Amino acid sequence: MALRDLLKKYVVSEKTNEIVNRIPKPVGSFGYDPWGYNSETFKLGLGLFRPFFERYFRVETHGLENIPPEGRLLIIGNHSGQLPIDGALVGYALATNPHAPRAVRAMIERVFTTLPYVGNMLNKWGAVLGDPENCVKMLRNDEAIIVFPEGIRGSGKPWSERYKLQRFGLGFMHLAITERTPIIPVGIVGCEETMPTPFHLKTLAKLLGIPYAPVTTPVPLPTKVRIYFGKPMVFEGPILGEDDTAVKVERVKDEIRALIQRGLSERDGWFQ
Amino acid sequence: MDIRISEGGDMQHMDSAVGVLPEAGGLPAGVRVGEKRPQVLVTGAGGALAQMVISLLKDRYQLVLVDFRRRVRIDEGMASYQVEYNKRGFEDIFRRHKIEAVIHLGRMGVYESTHRYRYNQNVLGTKRLLDLCLKYGVHQVVVLSTYFVYGASPYNPALLSEEAPLKASELTMDLVDSVELENLASIYLWKHPELNITILRPTNIAGPGVLNSLSLMLSRKFAPALLGFSPMMQFIHVEDMADAIVLAFEKNVPGIYNVAANDWVAFREALVQCGCTPVPVPSVPENLPRRISRALGWKAWPAYLLNYYKYPVILDGSLFKSTFGFKPKRSLADIFAHYREKKEMGIL
């Protein structure tokens, strides 16, 4: 507790404090919500992540004005980079959005919730167990949720597959329709190059019980990251079947592809 | 003979006090003294929660109190028995009194006795109670369950609704009786709608007089806390829980309901707020904290409840809230202040 207070003093700026206090977030009397989000720890997380966002990855954002200031929202993006850095960068960008800051929720793999310190810390920063029940209840709570429908197919893809969207899970579209939630497509450019991975060690991953074991750089490279938020997309039911859902998902993928293409054409190399 | 009638028990008065339980929708509020009042059996009458329920109901109902541990002190006009539910003598209570409704709070806590004895008391005892309710035409039964039935798992979503699977028995034999008691009550709920069974699954009940595992933990000066884990928790003040039971009893809308306040706190924060000093206990390898727990032998920290100090079990109490109009009056701060102040005064 004392360490947290000390860190807060040096890491959380007045501006961060003011931004987080503006975020409409229903929390209980001790600053927690049912999923473990804690507003004070969230401020600390933002303060600690700020140098990475501003100086290390020099993130450039476009289309933040497309984010509604309140109400349920699904933010659907392309996933890459071996580590979930893209999720953290999108989360930071939305939390510090000058138009309307929002504390977005990221869905995390089940394995994280079993790990000491990691699970609790991620929960306090707003990440939650990737469970459909959680998603439904959070949307009904008017939360904004980041979903990477490619899952580990996207984050763990090798260098040869960079900027090629992998198969999208269809679950987010079912949620968007049944919970009447707008979708914001997001194209992320730059994270693919943070940890270039020529191949994976499949046997080692199996032995360690982890999704993949990439042969890559020991730390993420300081590439410049560009995040493009598209305009809200609204899908209505009824759901006529999985083929129908897949067609709707393709429309979202097309939007994300277009945003990625825009980012790739606007950049001048990995680091600029 | 298994029954003992307490000195204050006015049997003659109660034999003549035959009331009629109205249809679902509620017993009459404010029945005047002197009127024939419905007779209500309260089990587990010696507990702190039951005592509060009794004090809320005693003016409007004729209460028949039962506890298998001890004879409960009573006010005039009540009857009190010490009897085990699965003994033959238990039926004599139903013969002597025209029991209209039962509030079944008499569960053995998870740290009490062996799991076999608890199974006998909680499951077989409850079966006997429900069978007697059927035999003697009882019109309403409120059963107190526990949130433990959901089981603490890293894969639990937050805000568990009443339909969530009951996974506690996957964890340990020691919680089988809690799940079985629920299953049994559910079977009777659907098979015998005339019993009007309401099952309440409260979150952690805390406050004055409460002796469950978590309350014992919060009462300690030093409390074990698993390194790297501080699950979200909910608490409900014992007085609010008593109000919830009375609401469920008087409104009589049969079904299964979570009872929880819309407020949440991390376990470590709760410990600190209660004036406890968390003592770090290694959480890995998984067997190590279990061994430590067994070696310590604390009622507050039994090995089979360790998962509840590791992973969250957060209830969605909205159904109970909307059905019964329930709103807790005491905050988390009020609950924690009780433990903190008692410690400062040197009482705990």
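In the block above lies the structure referred to throughout.
Calculation notes
- Residues numbered from 1 in each chain as written.
- Chains lettered and ligands numbered in written order.
- Predicted model: local features only at pLDDT ≥ 70, side-chain atom pairs only at ≥ 80, totals over all residues.
- Helix = DSSP H or I, 4+ residues; strand = E, 2+ residues; numbered from the N terminus.
- Buried ≥ 20, exposed ≤ 12 C-beta atoms within 10 Å, placed from the backbone.
- Contact = placed C-beta atoms within 7 Å.
- Axes fitted to C-alpha atoms, helices over the stretch in contact; angles between N-to-C directions.
- Parallel < 35°, antiparallel > 145°, perpendicular 65-115°, else oblique.
- Nonpolar A, V, L, I, M, F, W, Y, C, P; charged D, E, K, R; others polar.
- Left-handed = near helix turned anticlockwise from the far one by under 90°.
- Pairing = 2+ DSSP bridges.
- Core = buried A, V, L, I, M, F, W, Y, C linked by C-beta atoms within 7 Å.

Enquirer: Help me understand the overall build of chain B in this model?
Expert: A count of helices and strands for chain B gives 12 helices and 13 strands. A buried classification covers 53% of the 348 residues belonging to chain B. For chain B, contacts bridging at least 24 residues in sequence account for 76% of all contacts bridging at least 6.

Enquirer: Please clarify how helix 2 (residues 48-57) of chain B should be interpreted in this entry.
Expert: Each α-helix turn comprises 3.6 residues. Residues three or four places apart therefore point the same way. Every buried residue belonging to helix 2 of chain B is among Leu49, Ala50, Met52, Val53, Ile54 and Leu57 of chain B, and all of these are buried. On its buried face, helix 2 of chain B sits against strand 1 (39-43), strand 2 (62-67), strand 4 (99-104), strand 7 (204-206) and helix 8 (238-251) of chain B.

Enquirer: Explain the packing of helix 3 (residues 39-56) of chain A against helix 4 (residues 85-95) of chain A to me, please; I cannot follow it from the model alone.
Expert: When two helices pack together, their arrangement is given by the angle between the helix axes and by the axis-to-axis distance. All names here are of chain A. Contact geometry of helix 3 with helix 4 gives a least axis separation of 11 Å together with a crossing angle of 110°. It follows from the interaxial angle that helix 3 and helix 4 lie roughly perpendicular. On the side of helix 3, the interface is formed by Leu46, Phe49 and Phe53, while helix 4 contributes Ala88, Leu89, Tyr92 and Ala95. Classifying every residue of the contact of helix 3 with helix 4 by side-chain character gives 7 nonpolar, no polar and no charged.

Enquirer: I keep staring at the packing of helix 2 (residues 14-22) of chain A against helix 3 of chain A and nothing clicks. Help me out?
Expert: All names here are of chain A. As a packed pair, helix 2 and helix 3 sit with axes 10 Å apart at the nearest point and diverge in direction by 135°. The pairing of helix 2 with helix 3 is recorded here as oblique in orientation. Classified by chirality, the crossing of helix 3 by helix 2 is right-handed. On the side of helix 2, the interface is formed by Thr16, Asn17 and Val20, while helix 3 contributes Ser39, Phe42, Lys43, Leu46 and Gly47. Of the residues contributing to the contact of helix 2 with helix 3, the split by class is 3 nonpolar, 4 polar and 1 charged.

Enquirer: When you look at the sheet that holds strand 6 (residues 197-202) of chain B in this model, what are you seeing that I'm missing?
Expert: Hydrogen bonds between backbone atoms are what pair the strands of a sheet, whose relative direction is either parallel or antiparallel. Residue and element names in this part refer to chain B. With parallel pairing, the 7 strands of this open sheet are ordered in space as 3-2-1-4-5-6-11. Sheet topology places strand 3 (79-82) and strand 11 (255-259) at the edges, where each strand pairs with a single neighbour. Within the sheet, the average angular offset between the axes of one strand and its neighbour, ignoring direction, is 20°. Sheet topology note: the strand 4/strand 5 (residues 140-144) ladder contains 4 bridges and is parallel. In the strand pairing of strand 5, Ile103 is matched with Val142. Lying over the sheet, helix 4 (residues 115-135) contacts strand 4 and strand 5, oriented at roughly 160° with respect to strand 4. Helix 6 (residues 176-191) rests against strand 5, strand 6 and strand 11 of the sheet, and its axis sits at about 150° to strand 6.

Enquirer: Can you walk me through the nonpolar core in this structure?
Expert: In this structure, Ile75, Ile145 and Val186 of chain A together with Val42, Val53 and Leu65 of chain B are the most contacted members of the largest nonpolar core, which totals 165 residues. If you tally residues by element for this core, the top one is helix 8 of chain B, at 8 residues. Non-local contacts of Val53 of chain B, meaning those with residues more than four positions away in its chain, are made with Val42, Ile103, Leu105, Ala242, Ile245 and Val246 of chain B.

Enquirer: What am I meant to see in helix 4 of chain A here?
Expert: In terms of burial, helix 4 of chain A is largely enclosed, as 10 of its 11 residues are buried. Residues Ile85, Asp86, Gly87, Leu89, Val90, Gly91, Tyr92, Ala93, Leu94 and Ala95 of chain A constitute the buried set of helix 4 of chain A.

Enquirer: Help me out: how do you make sense of unusual backbone geometry in this one?
Expert: What you tend to see is this: most non-glycine residues have negative phi, and most peptide bonds are trans. Of note, the amide linkage connecting Gly237 of chain A to Pro238 of chain A takes the cis form, showing an omega dihedral of 5°. Within the fold, Pro238 of chain A resides in the loop between strand 9 (226-229) and helix 11 (242-266). Looking along the chain, the bond that leaves Val284 of chain B and enters Pro285 of chain B is cis, with omega of -10°. Positionally, Pro285 of chain B belongs in the loop between strand 13 (277-281) and helix 10 (287-296). Residues other than glycine seldom take positive phi values, yet Tyr117 of chain A does so here, at roughly 65°.

Enquirer: How should the pairing of strand 5 of chain B be read in this particular structure?
Expert: A regular strand places its side chains so that they alternate between the two faces of the sheet. Residue and element names in this part refer to chain B. Burial within strand 5 is extensive, with 5 of its 5 residues counted as buried. Residue alternation in strand 5 divides its side chains into two sets, Gln140, Val142 and Leu144 and Val141 and Val143, and both sets are buried. Two strands pair when backbone bridges link them, and strand 5 and strand 6 are joined in this way by 4 bridges, in the parallel orientation. Each bridged residue has a counterpart across the sheet, and for Val143 the counterpart in strand 6 is Ile199.

Enquirer: Got a minute to help me understand the sheet that holds strand 1 (residues 60-62) of chain A in this structure?
Expert: Residues and elements named next belong to chain A. Read from one edge of the open sheet, 7 strands run 1-9-6-2-5-3-4, paired in mixed fashion. The sheet terminates laterally at strand 1 and strand 4 (128-129), the two strands that pair on one side only. The sheet contact formed by strand 3 (residues 105-108) and strand 4 spans 2 bridges and is parallel. Within strand 4, the residue paired with Ile108 across the bridge is Leu129. Here helix 4 sits on the sheet and contacts strand 1, strand 2 (73-77), strand 3, strand 5 (144-147), strand 6 (183-189) and strand 9; the angle it forms with strand 5, its principal contact strand, is near 155°.

Enquirer: In this structure, what is going on with the environment of Leu207 of chain A? I would like to understand it.
Expert: As for its placement among the helices and strands, Leu207 of chain A is situated in helix 10 (residues 202-208). For the pair Leu207 of chain A and Gly169 of chain A, spaced 38 residues apart in sequence, the C-alpha to C-alpha distance is 26 Å.

Enquirer: Got a minute to help me understand the interface of chain B and chain A in this structure?
Expert: In many analyses, interface size is given as the accessible surface area lost on bringing the parts together. Contact with chain B, which involves 22 residues of that partner, is made by 21 residues of chain A. When contributions to the side of chain B that touches chain A are tallied by element, the ones reaching two or more residues are strand 12 (265-266), helix 9 (267-273) and helix 12 (332-344) of chain B.

Enquirer: How should the environment of Lys124 of chain A be read in this particular structure?
Expert: Residues and elements named next belong to chain A. Along the chain, Lys124 turns up in helix 6 (residues 118-124). Classification of Lys124 by C-beta neighbours within 10 Å gives buried; the count is 23. The spacing of Lys124 and Gly36 is 88 residues in sequence and 5.2 Å in space, taken between C-alpha atoms. Those residues in contact with Lys124 that sit more than four places away from it in its chain are Gly36, Tyr37, Asn38, Thr41 and Phe42.

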